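# Residue-level structural notes
What follows is each chain in one-letter form.
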Amino acid sequence: GKYETYDRQLTELQGLTPETPEDYLFMGFLYEKTDPERCLKYMDEAVRRRPSLVAYSFRGDARLNWADDTGDPAVAELAVEDADAVKLFIPDDPLALVESQEARLAAASAYAAAGRQDKREVVLAQAAREAQGLTHHDDYPIAVTELWIYYRYVNDEKSVLEMTRHAWERTHESLVPWRYAQALY
C-alpha cells in the first residue's frame, strides 16, 4: 500500500514546477532514495535560493547517504562542507555534531577505499574533535550511538566501554543500555 501511494504522489508531484526554496528542498527530498543526482540538483537550488540551517542539513544528509552508497570521496567532502555549515548555525548542538561526525567517518571510509591515507588521517583527526564535543552530550541517545560508532571505527574499545557506562549512569534512555551491552560483549 505505501509504495503505491508513493508512486501516485510522485507522479503528481513531478508535474509541478518548484517555485520557493522550500519547494526545491522538498522536491529533492522526494528523490533522495530513488535518484540521488536529481535530489541533489533540487537541493543545491534550494541552498542557492535560501542557505538555511534546514537546507544545509537536508542536503548534507542526502550527500552523506550518497557518499555511503558510492564511496566517492568528493561527495563525502561535500557532505562534510554541509555539516560544517550546519554547525555555523548551531555550533554545540548534538545533532549538528552527529551530522558532522557521520560525514567525517563517511569521508574517512571513502579515502581509505581510494587509498588516500593522508586525507583519511586528516578527517579522522577532525572526527576526534567532534567526538570530544559529543562527549558533553552523552545523556542524548543519538550522541551515544554516534560516539559508539566512532570509537568502534577507530578501534578504541576502552572508550566505548567508558562512554557507554557513563551514559548509562546519567540516563536510562532505552537505547543507552543496548549500546552499553554491546560494549560489554
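Here the residue numbering is sequential within each chain, running from 1 through the sequence in written order. The predicted nature of this model means local features are confined to residues of pLDDT at least 70 and side-chain atom pairs, given and counted, to a pLDDT of 80 or more, with totals for whole chains, interfaces and linings taken over all residues. Side-chain metrics in this entry use all non-hydrogen atoms of the structure; hydrogen atoms and water are not considered.

### Considering the overall build of the protein chain
Formally: Numbered from the N terminus, helices here are DSSP runs of H or I no shorter than four residues, and strands are runs of E no shorter than two. Per-residue accessibility takes into account occlusion by the displayed protein chains alone, with areas from the Shrake-Rupley method and a 1.4 Å probe. Charge counting treats Lys and Arg as positive and Asp and Glu as negative, with His and both chain ends excluded. To locate a charge, take NZ of a lysine, CZ of an arginine, CG of an aspartate or CD of a glutamate.
Within the protein chain, the regular secondary structure consists of ten helices and zero strands. Each helix and strand of the protein chain, placed in order from N terminus to C terminus, yields the pattern α-α-α-α-α-α-α-α-α-α. When its C-alpha atoms are laid out on the principal axes, the protein chain stretches across 55 × 40 × 30 Å. Of the roughly 10,300 Å² of accessible surface on the protein chain, 54% is carried by carbon and sulfur atoms. In the protein chain, 21 positive and 34 negative side-chain charges are present, and the distance between their average locations comes to 2 Å.

### Examining the packing of helix α2 (residues 21-31) against helix α4 (residues 53-70)
Condition: Inter-axis angles, ranging from 0 to 180 degrees, are taken between N-to-C directions of lines fitted to C-alpha atoms, where helices are fitted over the stretch in contact. By definition in this entry, angles of less than 35 degrees are roughly parallel, angles greater than 145 are roughly antiparallel, angles of 65 to 115 are roughly perpendicular, and the rest are oblique. When the near helix sits turned anticlockwise from the far one by under a right angle, the crossing is termed left-handed; a clockwise turn instead gives a right-handed crossing. Contacts are assigned to residue pairs that have any heavy atoms within 4.5 Å of one another.
Two elements in contact, α2 and α4, have axes separated by 11 Å at closest approach and are oriented at 20°. Of the possible angle classes, the one that applies to α2 and α4 is roughly parallel. Crossing hand, α2 versus α4: left-handed. Of the residues in α4, those touching α2 at L25, F26 and F29 are V54, A55 and F58.

### Considerations on the nonpolar core
The criterion, for reference: Here, nonpolar core means buried Ala, Val, Leu, Ile, Met, Phe, Trp, Tyr and Cys residues that are tied together by side-chain atoms lying within 4.5 Å of each other. Only protein chains enter the accessibility calculation, which uses a 1.4 Å probe. A residue is then buried if its area is under 20% of the maximum for its type, exposed if over 50%, and partly exposed in between.
Residues A107, L134, L147, Y150, Y151 and M163 are the most contacted members of the largest nonpolar core, which totals 32 residues. Element by element, the count of residues in this core is highest for helix α6 (residues 94-113), at nine residues. Beyond its immediate sequence surroundings of up to four residues, L134 is in contact with P94, L97, V98, Q101, A143, E146 and L147.

### Here we look at the packing of aromatic side chains
For the record, the criterion: Classification of ring pairs uses Phe, Tyr and Trp, with its six-membered ring standing for Trp, and accepts pairs whose centres are within 6.5 Å; under 30 degrees between planes counts as stacked, over 60 as edge-to-face, and the remaining range as tilted. Any Lys NZ or Arg CZ found within 6 Å of a ring centre and within 35 degrees of that ring's normal is scored as a charge over the ring.
Per the counting criterion, the structure on display carries six aromatic pairs. For the ring pair F26 and F58, a centre distance of 5.9 Å and an interplane angle of 85° mean the geometry is edge-to-face. Pair noted here: F26 is in helix α2 and F58 is in helix α4, with a separation of 32 residues, a long-range link. What makes F26 partly exposed here is its relative accessible area of 46%. On the accessibility criterion, F58 (26% relative accessible area) is partly exposed. Residues Y31 and Y42 carry aromatic rings whose centres are separated by 6.0 Å and whose planes lie at 5° to one another, so their mutual orientation is stacked. Here Y42 lies in helix α3 (residues 36-49) and Y31 lies in helix α2, a separation of eleven residues in the sequence. Of the two residues examined, Y31 and Y42, each falls in the buried class. A connected cluster of aromatic rings, assembled from ring pairs, spans Y24, Y31 and Y42. The ring centre of Y31 lies 4.7 Å from the NZ or CZ of R38, which sits over that ring.

### Structural notes on the confidence of the model for the protein chain
The criterion, for reference: Confidence of the prediction at every residue is given by pLDDT, a number between 0 and 100.
Predicted confidence across the protein chain gives a mean pLDDT of 91, with 99% of residues reaching 70 or more. Highest mean pLDDT in the protein chain belongs to helix α5 (residues 73-89) (97); lowest belongs to helix α10 (residues 175-184) (74).

### What to know about the pattern of salt bridges
We count it as follows: Criterion for a salt bridge: a side-chain nitrogen of Lys or Arg within 4 Å of a carboxyl oxygen of Asp or Glu.
Summed over the entire model, instances satisfying the criterion amount to 21 salt bridges. The partner of D84 in a salt bridge is K87, and the shortest N-O contact between them spans 4.0 Å. On the criterion of helical spacing, the pair formed by D84 and K87 is a turn pair, its members being three residues apart in helix α5. On the accessibility criterion, D84 (28% relative accessible area) is partly exposed. Look at the salt bridges and you will find they share partners, linking D44, R59, R63 and D82 into a network.

### Details of unusual backbone geometry
With phi around 60°, N155 is a residue other than glycine that occupies positive phi space. With respect to the helices, strands and loops of the structure, N155 is situated in the loop between α8 (141-153) and α9 (157-170).

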